[in-house]
Amino acid sequence: MHHLISVFLPCGAQEETERNRQCLEQDIVADVTFVSTGMTESATWRAIATQATAPYTLVYLNRQFIQLGYLALERMITVAEMTGAGLLYADHYKMTADGHRVEAPTIDYQQGSLRDDFNFGSVVLLRTDVLRQTAQQMTTDYHAAGFYDFRLRLSQRHTLVHINEYLYSEVELDTRKTGERLFDYVDPKNRDSQIEMERACTEHLKAVGAYLAPGDIRPTCVDEGSFPVEASIMIPVRNRIRTIKDALESALSQKTDFAYNVFVVENGPECHSTDGTTELVAEMAQKDARIIHLVTDRRDLCVGGSWNLAAHDARCGRFIAQLDSDDVYADEHTLQKIVDAFHAQQCAMLIGAYTLTDIHLNILPPGVIAHKEWTPENGRNNALRINGLGAPRSFFTPVLREINLPNVNYGEDYALGLAISRDYAIGRIYEPLYDCRRWDDNSDGNLSIEKENRNNIYKDRMRTWELMARIAKNRKQQA
């Protein structure tokens, strides 16, 4: 294999740049070009497409030293020729400054891999003809969404192949825990970038036939029907002895002009909590009849199943409102605000805003998270790009009973929100309705790479299914 690859990499520190240049002194490499513009800019990708001369183009996405594995480039070319893929990426290692090596596997690219933070690693290999073809289709100049726009357009005609082999090592740059990265996309300082990402995603949805036009929704009349109470607060729980009392006291303190109750539904392999939570909730339920404590003999009940159990219970109210077992409402008027908004907006689902705090309710950055990326005009399209729809989430109970949540412990609410948004209106309250407490026992606080990948695979798959449903809906309407 001789001179098959043109390489483009961003300029880093002098030492990183020189070490990368030396590492690329291989017979398979035709030429190496250092890029001074940002790798997220549309102009950069057009320039790379113009300057690439070899049959394949290798692009480094990050400014860091990449230690290529033995015959790694040869292996990537082999897989490229076997598959005919337009873009290839690989598993890799992360090396710490002291030489410690950690595996960093990536995941397969799916039709629904629409989130803008999909992790390709630091190196992608492209067929140069596909690179040029795709770059010619890029009609918008993005500063932050250039690569996102590029790979979405590429995916419309070509496959993206994951080589699940460890082909290079990179120096780890982002050492924050997964829980600390969760809120990057809603940080106000990233708002301009998010607007670009939304635009690129929306254009992609139009190209593949999955775009939903504004106003194409089924009407919802939340005033119809008879229910035992106007609202139910839903708290799924397992082993939250340190926080469940706070959540319940917050729920029971709500001041409303209607009757409501509070469901506490236990889940998990033991059918109930094992740390004293079950006993504490039972004790509180004896003192307040509004608490409905459900402990089943099912060993397969996850958070999604807990929601379904509460929603299908004959005692469930007209609306069912979320309160996680380690969070608290912002004040005693939250539930009243939620119900008033349902009646005013006549929607099937309502999403509020929240304040990020520590366990002691001290505010953490970025503070208030209002999910302003949701707009009435394009929210349900943008929902396919982001990793969550916001919180707290509340539902018109008949619609929840119609659709149901998947019986899983991750992404169940997102799946329901996507399905609802396909056909129904989702309402919004942009003021903080509850305090989302970050602490050492958050379920998403510090995930292993394996669990983070498993979660991302599932959400990408759920987006894939939703994408297929929306394409089918549009085709049916056009027939």
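Up top you'll find the structure we're talking about.
Below: a short report on this structure. Keep in mind it's a predicted model, so treat the numbers as computed, not measured.

### Examining the overall build of the chain
- From N to C terminus, the chain includes 15 helices and 17 strands.
- Looking at the 479 residues of the chain, the share that counts as buried comes to 56%.
- Pairs at least 24 apart in sequence give 82% of the contacts found in the chain among residues at least 6 apart.
- Each charge class in the chain was averaged separately, 51 positive and 67 negative side chains, and the resulting centres sit 4 Å apart.

### Quick word on the packing of aromatic side chains
- Considering all chains together, one arrives at 14 aromatic pairs under this definition.
- Seen from their ring centres, phenylalanine 147 and phenylalanine 150 are 6.5 Å apart, and the 25 degrees between their planes marks the pair as stacked. You can see phenylalanine 147 and its partner phenylalanine 150 sitting in helix 5 (residues 146-155), three residues apart, about one turn around the helix.
- Between phenylalanine 319 and phenylalanine 342 the ring centres are 4.3 Å apart and the planes differ by 10 degrees, which places this aromatic pair in the stacked class. Pair noted here: phenylalanine 319 is in strand 12 (residues 319-322) and phenylalanine 342 is in helix 11 (residues 334-345), with a separation of 23 residues, a long-range link.

### With respect to the state of the cysteines
- Under the defined criterion, the tally for this structure stands at zero disulfides.
- In this model cysteine 302 remains outside any disulfide bridge; the closest cysteine sulfur is found in cysteine 271, 12 Å from its own.
- The thiol sulfur of cysteine 347 is not disulfide-bonded, and the nearest other cysteine sulfur, from cysteine 221, lies at 12 Å.
- The class of cysteine 347 is buried, set by a relative accessible area of 1%.

### A closer look at unusual backbone geometry
- Omega for the peptide link from proline 365 to proline 366 comes to 10 degrees, which places this bond in the cis form.
- Within the element layout of this structure, proline 366 appears in strand 15 (residues 363-369).
- In the segment running from alanine 391 into proline 392, the intervening peptide bond is cis, with an omega of -5 degrees.
- Residue position: proline 392 is located in the loop between helix 12 (379-382) and strand 16 (393-396).
- Unlike most non-glycine residues, asparagine 239 shows phi in positive territory, near 55 degrees.
- Secondary-structure assignment places asparagine 239 in the loop between strand 9 (231-237) and helix 8 (244-252).
- In this structure, asparagine 404 takes a positive phi of about 70 degrees despite not being glycine.
- Structurally, the position occupied by asparagine 404 is in the loop between helix 13 (397-403) and helix 14 (412-423).
- With relative accessibility at 28%, the residue asparagine 404 sits in the partly exposed group.

### Points about the packing of helix 2 (residues 42-51) against helix 4 (residues 128-137)
- Close contact between helix 2 and helix 4 brings their axes to 9 Å; oriented N to C, the two are set at 140 degrees. With respect to each other, helix 2 and helix 4 are oriented oblique. When the axes of helix 2 and helix 4 are compared, the crossing they make is left-handed. Residue-level inspection shows Trp45, Arg46, Ile48 and Ala49 of helix 2 in contact with helix 4, the latter providing Leu131, Arg132 and Ala135.
- The residue makeup of the contact of helix 2 with helix 4, split by class, is five nonpolar, no polar and two charged.

### Things to note about the environment of asparagine 119
- Tracing the sequence through the fold places asparagine 119 in the loop between strand 6 (101-104) and strand 7 (123-127).
- A relative accessible area of 39% places asparagine 119 in the partly exposed class.
- Spatially, the C-alpha atoms of asparagine 119 and tyrosine 89 are 9.6 Å apart, while their sequence positions differ by 30 residues.
- A polar side-chain atom of asparagine 119 sits 2.8 Å from the main-chain amide nitrogen of glycine 121.

Reading the values: rules and limits
The residue count restarts for each chain, going from 1 along the sequence in the order it is written. Only residues with pLDDT of 70 or above have their local features reported here, since the model is predicted, and side-chain atom pairs are shown and tallied only from 80 upward, although totals for entire chains, interfaces and linings are computed over all residues. Side-chain descriptors were evaluated using all non-hydrogen atoms of the structure, hydrogens and water having been removed beforehand. Helix and strand definitions follow DSSP, with helices as H or I runs of at least four residues and strands as E runs of at least two, each counted in order from the N terminus. Type-normalised accessible area, obtained with a 1.4 Å probe on protein chains alone, sets the label of each residue: buried when under 20%, exposed when over 50%, and partly exposed for intermediate values. Here, residues are in contact when the closest pair of their heavy atoms is within 4.5 Å. His is not counted, nor are the chain ends, whereas Lys and Arg count as positive and Asp and Glu as negative. Note on charges: their place is set at NZ of Lys, CZ of Arg, CG of Asp or CD of Glu. Pairing of aromatic side chains here covers Phe, Tyr and the six-membered ring of Trp, requires ring centres within 6.5 Å, and sorts the geometry by plane angle: under 30 degrees stacked, over 60 edge-to-face, intermediate tilted. Disulfides are defined in this document as cysteine sulfur pairs within 2.5 Å. Throughout, an axis means a line fitted to C-alpha atoms (over the contacting stretch in the case of helices), and angles, computed between N-to-C directions, take values from 0 to 180 degrees. Any angle that falls under 35 degrees is termed roughly parallel, while one over 145 is termed roughly antiparallel, one within 65 to 115 roughly perpendicular, and all others oblique. By definition, any crossing whose near helix is turned counterclockwise from its far helix by less than a right angle is left-handed, and any crossing with a clockwise turn is right-handed. Polar here means any residue other than Ala, Val, Leu, Ile, Met, Phe, Trp, Tyr, Cys and Pro, which are nonpolar, and Asp, Glu, Lys and Arg, which are charged; Gly is therefore polar. Two N or O atoms count as a polar contact when they lie within 3.5 Å, although within protein this holds only if one can serve as hydrogen donor and the other as acceptor, and sequence-adjacent residues are included solely when both atoms are side-chain atoms.

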